[in-house]
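# Results of the structural survey
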2 protein chains.
Amino acid sequence: MTRIVHIGFGPMGCRTLACALERPENKLVAAVDTDPAKIGKDAGLLLGRAPLGVKVTPELPAAARRARVALVTTTSSLEAALPTLLACAKAGLAVVTTCEELSFPWRTQPALARRLDRAFRAAGVACLGTGVNPGFLMDYLPAVLTSVCRRVEKITVRRIQDASPRRIPFQQKIGVGLTPAAFRKKARDGSLRHVGLQESVDFIAAALGWRLDTVRETLKPVIAEAPTAAGYQPVLAGQARGVEQIARGMVGGRERIRLHFRAAVAEPDPEDAVEITGDPAIVSRIPGGVHGDTATAAIAANAIPAVLRAAPGLRTMLDTPVPAGRGVQPMV
Amino acid sequence: MTRIVHIGFGPMGCRTLACALERPENKLVAAVDTDPAKIGKDAGLLLGRAPLGVKVTPELPAAARRARVALVTTTSSLEAALPTLLACAKAGLAVVTTCEELSFPWRTQPALARRLDRAFRAAGVACLGTGVNPGFLMDYLPAVLTSVCRRVEKITVRRIQDASPRRIPFQQKIGVGLTPAAFRKKARDGSLRHVGLQESVDFIAAALGWRLDTVRETLKPVIAEAPTAAGYQPVLAGQARGVEQIARGMVGGRERIRLHFRAAVAEPDPEDAVEITGDPAIVSRIPGGVHGDTATAAIAANAIPAVLRAAPGLRTMLDTPVPAGRGVQPMV
């Protein structure tokens, strides 16, 4: 039996908790959210299912001390998540979090990373940031694939997503239906960016022992050439149907890591692909790509037993046991 | 600096050691082989390169005690490798080995597995069996891919290899040019089998927390329909051009894991594919497949830093940090 605390009842948080509770060994003992509309509600009801007998509180309740692990699904920002994570460490809770910036914070936010590492080492438990991206498709999986390479010259990863069937907030986040000017404005204020691409570059570099000179990132709209009604609202020709971000990791003055993220409605050939130029050269393709929401909820839930077996401190997917589908029941 | 001992100077052993010595942090301090033709020779000369100042001895020399890790590339059989592995534990050496039966011996050879686990725990170091197959393509990689699955119904893995460019001993091992009768005879005496398929089934079941009822394995020749000169010797129509093995893991009376291994000369569409029936469903393809010899040497060499950071005892790829291409130099 693994007693868990869940923190963060947004749409992805609810999916993650629901996925964790599908494993019979997990039991929810505390539920936390700061939203006044959720405080006092039964956690089960927030998931759209039967009551679980656990009411949402705005801070970690005393019952949290009976738990072993916290699922933290509150924010993409490491700085914003920090007080919550430190409170978990203080309560002796291992953490699995979908906080994107925590997937590999050692170069981007080294002071916060060290602080968390010290706190979790002192608590004797591990803290892991994971998810499908960052956390799997554009960092962990490419790193795993290099395991069979004698030499690596360059790694290119492409995540090309058709956003048409995705949640409305996701489509809004990638700028569907914006004019180019409105898109640029949102891009400038940072509200449009997919968070985690730089962290994925850092992860791959660390996996290979490469020292990065710089990481360069570009972001631009994918402009519709023809009108489309594939998304949550009609898109006219000339408007954005999504976003394209490219991050390039430079080593020794050369581009050695290239991550290409593109998410747009009416995108014709979605796929997740890893291309390793090296010996042996490897091209790995997942035609159609991996569904982001399901996959993020699943990997966070699957990582619970892995993080309980990991060494104490701030861990990454590089040095955590394979989450796999441990505890997944065979479908009937 | 990582001081290493190398044990086993067969063709794959030499490739593995050469790969390990391409990493500047590895230094060879002892070399072991029981072949009288190799004893006393300089290890570098056996690799076809400049002398390394390390002579091959038939047993672990005193210098081995200055090393941290042993690369063991001697045999597919765990029973045959056992004395060597125990000697390494006694000398305080962590081990990376390409011994196929050690990739996941917990169900097939539980007594030997426990004995090794105890010996390596007592020594405070880890022992890991790895390679491309078993060790990566048909077990570790599928397990990694299930990490993003909420549910898994079935896993099918296909390794379809064109053996035409492979080493002659490999082609001999898969029965190229044998008559069906000669093939069956070799299959019966066990000299033709690809070793590791059962272990790969066990690995995947363990990754998912599934309890296997049984593992069923079939082996048959791939018969040439037309003559071919693609291999190391001509193959007539009606003769074997390779081998096909299928292992099926049964859970609750149903086939949940299916591993399809086929290696033959003149094989038209080689690939490594993983197909997960589940939520989400995932199909991952590596067109052309991964070159076995290079990949096995690479993953064993890449696993050295990973095994040094793993918990003591008998480990598998499931609970070892990602080998990745750590320490690989970017190609110029």
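To keep things clear, this report deals only with the structure shown in the data block. (Residues numbered from 1 in each chain as written. Chains lettered and ligands numbered in written order. Predicted model: local features only at pLDDT ≥ 70, side-chain atom pairs only at ≥ 80, totals over all residues. Heavy atoms only, no water.)

## Details of the packing of aromatic side chains
All names here are of chain A. Across all of its chains, the model carries four aromatic pairs over all chains by this definition. Where Phe 136 meets Tyr 140, the ring centres are 5.9 Å apart and the plane angle is 55°; that geometry is what we call tilted. Residue class for Phe 136 comes out buried when judged on its relative accessible area of 0%. By relative accessible area, Tyr 140 is classed as buried at 0%. (Phe/Tyr/Trp six-rings, centres within 6.5 Å; stacked < 30°, edge-to-face > 60°. Buried < 20%, exposed > 50% of the residue type's maximum accessible area, 1.4 Å probe, protein only.)

## As for the pattern of salt bridges
Under the definition given, this model contains 46 salt bridges over all chains. Asp 293 of chain A serves as the salt-bridge partner of Arg 167 of chain A, at 2.8 Å between the closest nitrogen and oxygen. In this pair, Arg 167 of chain A sits in the loop between strand E7 (151–162) and helix H6 (168–173) while Asp 293 of chain A sits in helix H9 (residues 292–309), placing the two residues 126 residues apart along the sequence. Taking the shortest distance from any N to any O, the salt bridge between Asp 117 of chain B and Arg 121 of chain B comes out at 2.9 Å. Here the residue Asp 117 of chain B and the residue Arg 121 of chain B both occupy positions in helix H4 (residues 110–123), the gap between them amounting to four residues, near one helical turn. Here Asp 117 of chain B falls in the buried class, since its relative accessible area comes to 12%. (Salt bridge = Lys/Arg side-chain N within 4 Å of Asp/Glu carboxyl O. Helix = DSSP H or I, 4+ residues; strand = E, 2+ residues; numbered from the N terminus.)

## A word on the environment of Leu 93 of chain B
Residue and element names in this part refer to chain B. If you trace the backbone, Leu 93 turns up in the loop between helix H3 (78–90) and strand E5 (94–97). Note: C-alpha distance between Leu 93 and Leu 308 (215 residues apart in sequence) is 9.6 Å. Sequence-distant contacts of Leu 93, defined by excluding residues within four places in its chain, comprise Val 5, Leu 60, Ala 64, Ala 67, Arg 68, Val 69, Ala 70, Cys 88, Phe 120 and Val 125. (Contact = heavy atoms within 4.5 Å.)

## Some words on the relation of the copies chain A and chain B
Under the fitted operation, chain A is carried onto chain B by 0.0 Å of movement along the axis and a turn of 180°, and the coordinates agree to an RMSD of 0.0 Å. What the rotation and shift describe, once combined, is the action of a two-fold rotation axis. Residue Arg 285 of chain A, judged by its C-alpha, is the member of chain A lying nearest the rotation axis, at 2.7 Å. A shared interface surface links the copies, since 100% of the contact residues of chain A are contact residues in chain B too. (Least-squares fit on C-alpha atoms with pLDDT ≥ 70 in both.)

## Observations regarding the side chain of Thr 2 of chain B
Here Thr 2 of chain B lies in strand E1 (residues 2–7). In contact with Thr 2 of chain B, other than residues within four places in its own chain, are Glu 25, Asn 26, Lys 27, Val 69, Ile 304 and Leu 308 of chain B.

## Side note on the sheet that holds strand E3 (residues 56–57) of chain B
Residues and elements named next belong to chain B. Here we have seven strands laid out as an open sheet, ordered E3-E2-E1-E4-E5-E6-E13, and parallel in their pairing. Unpaired on one side and paired on the other, E3 and strand E13 (313–315) mark the two borders of the sheet. Docked against the sheet, helix H1 (residues 11–21) engages E1, strand E2 (26–32) and strand E4 (69–72), running at close to 170° with respect to E1. (Pairing = 2+ DSSP bridges. Axes fitted to C-alpha atoms, helices over the stretch in contact; angles between N-to-C directions.)

## Structural notes on H3 of chain B
Residues and elements named next belong to chain B. The terminal C-alpha atoms of H3 lie 17 Å apart, and with 13 residues this matches the ideal 18 Å at 1.5 Å per residue to within 8%. The largest bend in H3 is about 30°, located at Thr 84. Every buried residue of H3 is accounted for by Leu 78, Ala 81, Leu 82, Leu 85, Cys 88 and Ala 89. Looking at the buried positions of H3, the neighbouring elements they touch are E1, E4, E5 and H4. The opening residue of H3, the one whose side-chain oxygen lies 3.3 Å from the backbone nitrogen of Glu 79, is Ser 77. With its phi angle positive at about 75°, Gly 92 sits one or two positions after the end of H3. (Expected span 1.5 Å × (residues − 1). Bend = angle between axes of the 7 residues up to and from the residue. Polar contact = N/O pair within 3.5 Å; in protein donor to acceptor, adjacent residues only side chain to side chain.)

## A word on the interface of chain A and chain B
Every contact between the two is made by 56 residues of chain A and, on the other side, 56 residues of chain B. Linking chain A with chain B are four salt bridges, by the criterion used here. Between Asp 319 of chain A and Arg 309 of chain B there is a salt bridge; the shortest N-O distance is 3.6 Å. Taken together, chain A and chain B are joined by 17 residue pairs in polar contact (both at pLDDT 80 or more).

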